[in-house]
Amino acid sequence: MSSDKTLVCKDCNQEFVFTASEQDFYTEKGFTNEPGRCPACRQARKNNDRGHRGGNSFKGERTLYNAVCSRCGAQTQVPFQPKQDREVLCRDCFRPKNNYR
Ligand SMILES: [Zn+2]
Ligand SMILES: [Zn+2]
């Protein structure tokens, strides 16, 4: 029979109880390691992971920031954080319309 075990969380160093039923659950699932973190820290990490993954749909691409073109007012995206004092141009305005020869 399993019995309750007291473990120390490696994130917050708080003791938490790894109960007999949790141990049975772990064994059932085939987990060989004891949990390293208390339930609160585990939950927090889960939430963090979700936040990181959900935010960026461009896989392997640079982060793009939404900006408004300071010349024509069109919505555009730029690879840098737009600043108040910096002119942001959309693709159309950025491309020179006249060819200087
Ligand atoms: Zn913890
Ligand atoms: Zn523009």
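The preceding data block contains the structure.
Quick notes on the rules
Residues numbered from 1 in each chain as written. Chains lettered and ligands numbered in written order. Predicted model: local features only at pLDDT ≥ 70, side-chain atom pairs only at ≥ 80, totals over all residues. Heavy atoms only, no water. Core = buried A, V, L, I, M, F, W, Y, C linked by side-chain atoms within 4.5 Å. Buried < 20%, exposed > 50% of the residue type's maximum accessible area, 1.4 Å probe, protein only. Contact = heavy atoms within 4.5 Å. Donors = N, O, S within 2.8 Å, 3.2 Å for Na, K, Ca; no water. Tetrahedral: all angles 85-135°; square planar, octahedral: opposite > 155°, others 65-115°. Helix = DSSP H or I, 4+ residues; strand = E, 2+ residues; numbered from the N terminus. Salt bridge = Lys/Arg side-chain N within 4 Å of Asp/Glu carboxyl O.

(A) Expanded view of the nonpolar core. Counting residues in hydrophobic clusters, the biggest one holds seven residues: Leu7, Cys9, Phe16, Phe18, Tyr26, Cys38 and Cys41. In this structure Cys9 touches Gln14, Phe16, Gly36, Arg37, Cys38 and Cys41, once residues within four positions along its chain are discounted.

(B) Focus on the coordination of the zinc ion (ligand 1). The zinc ion (ligand 1) binds to the protein through Cys9 (SG), Cys12 (SG), Cys38 (SG) and Cys41 (SG); the donor distances cover 2.2 to 2.3 Å. One way to put it: the four donor atoms around the zinc ion (ligand 1) meet at angles of 103 to 117 degrees, and that makes the site tetrahedral. Between the donor residues of the zinc ion (ligand 1), the gaps in sequence give the motif C-x2-C-x25-C-x2-C. With Cys12 in the loop between strand E1 (5–8) and strand E2 (15–18) and Cys38 in the loop between helix H1 (20–29) and helix H2 (39–55), this pair connects stretches of sequence that are 26 residues apart.

(C) Examining the pattern of salt bridges more closely. On inspection of all chains with the given rule, the structure shows three salt bridges. When the shortest N-O distance is used, the salt bridge between Asp11 and Arg37 registers 3.1 Å. Of this pair, Asp11 sits in the loop between E1 and E2 while Arg37 sits in the loop between H1 and H2, placing them 26 residues apart in sequence. For Asp11, a relative accessible area of 40% corresponds to the partly exposed category. Among the salt bridges present, the one from Asp92 reaches Arg95, with a minimum N-O distance of 3.9 Å. When its relative accessible area of 47% is taken as the criterion, Asp92 is described as partly exposed.

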